[in-house]
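Tertiary structure, described
In case you want the letters, here they are:
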Amino acid sequence: MTSTASYTVARILIGTLLLAPVASAADQLVRCESKDYKRQFCSVETHGYVQLQRQLSKHECRQGHNWDWDRRGIWVDDGCAGEFRVETRHHTDGHEQHKGDKAIAAGAALALIAAAAVAAEHHRDDHHRDDHYRDENYGHGGHSSYVPEWLIGDFTGYNIKYGTEVKMRIDRDGRSLTWLDGQELRGYVNDGRLYVGDYQFRLDRAGEGFTTTQLGDTSNKVHYARR
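In this text, all values refer to a predicted model and were calculated from it rather than measured experimentally.

Let's shift gears to the overall build of the protein chain. Summing up its helical and strand segments, the protein chain has 4 helices and 16 strands in all. Among the 227 residues that make up the protein chain, the fraction classed as buried is 48%. In the protein chain, the proportion of contacts linking residues at least 24 apart, taken out of those at least 6 apart, comes to 62%. As presented, the protein chain carries roughly 11100 Å² of accessible surface, and 47% of it is formed by carbon and sulfur atoms.

Mapped onto the fold, Asn159 is located in strand 9 (residues 153-159). Within the structure, Asn159 has its side chain in polar contact with the backbone nitrogen of Lys161 (distance 3.0 Å).

Attention now goes to the state of the cysteines. The full count for this structure, using the stated rule, is 2 disulfides. Note on cysteine connectivity: Cys61 is disulfide-linked to Cys80, with sulfurs 2.1 Å apart. On the S-S bond that ties Cys61 to Cys80, the torsion sits near 110°, and the link is right-handed. With Cys61 in the loop between strand 4 (48-55) and strand 5 (67-69) and Cys80 in the loop between strand 6 (73-76) and strand 7 (81-88), this pair connects stretches of sequence that are 19 residues apart. Judged on exposure class, the residue Cys61 and its partner Cys80 are both buried.

With that settled, consider the pattern of salt bridges. Scanning all chains against the criterion turns up 11 salt bridges. One salt bridge in this structure joins Arg85 and Asp27, with 3.5 Å as the shortest N-O distance. Pair noted here: Arg85 is in strand 7 and Asp27 is in the loop between strand 1 (19-21) and strand 2 (28-33), with a separation of 58 residues, a long-range link. Using a relative accessible area of 22% as the deciding quantity, one classes Arg85 as partly exposed. A salt bridge links Arg172 to Glu149, with the shortest nitrogen-to-oxygen separation between them at 2.6 Å. A residue pair is termed long-range when its members are at least 10 positions apart, and Arg172 in the loop between strand 10 (164-170) and strand 11 (175-180) and Glu149 in the loop between helix 4 (126-130) and strand 9 qualify at 23 residues. Residue classification places Glu149 among the partly exposed residues on the basis of a relative accessible area of 43%. Here the residues in one salt-bridge network are Glu87, Asp173 and Arg175, joined through shared partners.

What follows covers the side chain of His143. Topologically, His143 is positioned in the loop between helix 4 and strand 9. On the accessibility criterion, His143 (13% relative accessible area) is buried. Looking at His143, its side chain comes within polar contact range of the side chain of Ser145, at 3.2 Å.

Quick look at the nonpolar core now. Nonpolar side chains in soluble globular proteins tend to end up buried together. Residues Leu151, Ile170, Leu194, Phe210 and Tyr224 are the most contacted members of the largest nonpolar core, which totals 19 residues. Put simply, the parts of the chain that give this core at least two residues each are strand 10, strand 12 (183-190), strand 13 (193-196), strand 14 (199-206) and strand 16 (217-226). Residues contacting Ile170, with those up to four places away along its chain left out, are Val147, Leu151, Ile152, Gly153, Arg175, Ser176, Val189 and Phe210. Core analysis: the next-biggest nonpolar cluster, separate from the first, contains 16 residues, Cys42, Val50, Phe84 and Tyr195 among them.

A separate point is unusual backbone geometry. Despite not being glycine, Asp36 has its phi angle at roughly 55°, a positive value. Topologically, Asp36 is positioned in the loop between strand 2 and strand 3 (40-43). Residue Asp36 is classed as exposed on the basis of its relative accessible area of 66%. Non-glycine residue Asp78 carries a positive phi angle of around 55°. Looking at the element boundaries, Asp78 is found in the loop between strand 6 and strand 7. Look at Asp78 and you get buried, because its relative accessible area is 14%.

A few words on the packing of aromatic side chains. Inspection of the entire model under this criterion finds 7 aromatic pairs. Centroid distance Phe155 to Phe210: 4.8 Å. Interplanar angle 75°. Geometry classified as edge-to-face. Taken together, the residues Phe155 in strand 9 and Phe210 in strand 15 (residues 209-214) connect sequence positions 55 residues apart. Accessibility expressed as a relative area gives 0% for Phe155, which makes it buried. In this structure Phe210 comes out as buried when scored by relative accessible area, which is 0%. Relative to Tyr224, the ring of Phe210 lies with its centre 5.0 Å away and its plane at 20°, an arrangement referred to as stacked. Within this pair, whereas Phe210 is found in strand 15, its partner Tyr224 is found in strand 16, the two being separated by 14 residues in sequence. Neither residue differs from the other here; Phe210 and Tyr224 are each classed as buried. Members of the aromatic cluster, connected to one another through ring pairs, are Tyr49, Trp69, Tyr188 and Tyr195. Against the face of Trp75 rests Arg39, its NZ or CZ located 4.6 Å from the ring centre. The cationic tip of Arg175 hangs over the ring face of Tyr49; the distance from NZ or CZ to the ring centre is 4.1 Å.

Each value, and the rule that gives it
Residues numbered from 1 in each chain as written. Predicted model: local features only at pLDDT ≥ 70, side-chain atom pairs only at ≥ 80, totals over all residues. Heavy atoms only, no water. Helix = DSSP H or I, 4+ residues; strand = E, 2+ residues; numbered from the N terminus. Buried < 20%, exposed > 50% of the residue type's maximum accessible area, 1.4 Å probe, protein only. Contact = heavy atoms within 4.5 Å. Areas by Shrake-Rupley, 256 points an atom, 1.4 Å probe, with all protein chains shown as cover. Polar contact = N/O pair within 3.5 Å; in protein donor to acceptor, adjacent residues only side chain to side chain. Disulfide = S-S within 2.5 Å. Salt bridge = Lys/Arg side-chain N within 4 Å of Asp/Glu carboxyl O. Core = buried A, V, L, I, M, F, W, Y, C linked by side-chain atoms within 4.5 Å. Phe/Tyr/Trp six-rings, centres within 6.5 Å; stacked < 30°, edge-to-face > 60°. Lys NZ or Arg CZ within 6 Å of the ring centre and 35° of its normal.

Written as structure tokens, this is what we have:
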């Protein structure tokens, strides 16, 4: 991707930004263990997409039941112990494949939203806990990595501010791909937010689709309809 193309992508997604070189950071491995079946929180150095790399406990680790993650870190409970891979946000959006490219490095100040879902009391009763994961409760007590059905699939949107069509796919695991002007951006969904590079977008359900609104620039909004 040329610097001109990078600028175009950045401008369409999040406005006119200052561009500067960004080094590709390595993934982070975090070991987190629930001792005596008690809840344990393990902080991370940088926000990124989290996967269970290796289970270390005999007790099965089940995402959303006895482990999960948000922007602050990873929690485990009920005897789960594992090694977790945190993909850096620049890794996730594909900068490792374009080390010579310029990337988004500065822009409007972004407010980081507290992860109410993970901070909420963790219930041991699985049936009761599953009630929090229903789509109608999204953003109101469901676990942070849960992606509701209305966010999963292929969507097309139009950015009125920049007069550009945007296509997006969100997978069940929360990973996202965005296409615009022939470019592809990788990101992920967590705790009701879409993360692309250094930037966050609030996600709100709208009919059969959803709306993204940039944190720090509420005028940069895109409505997506299911394809």
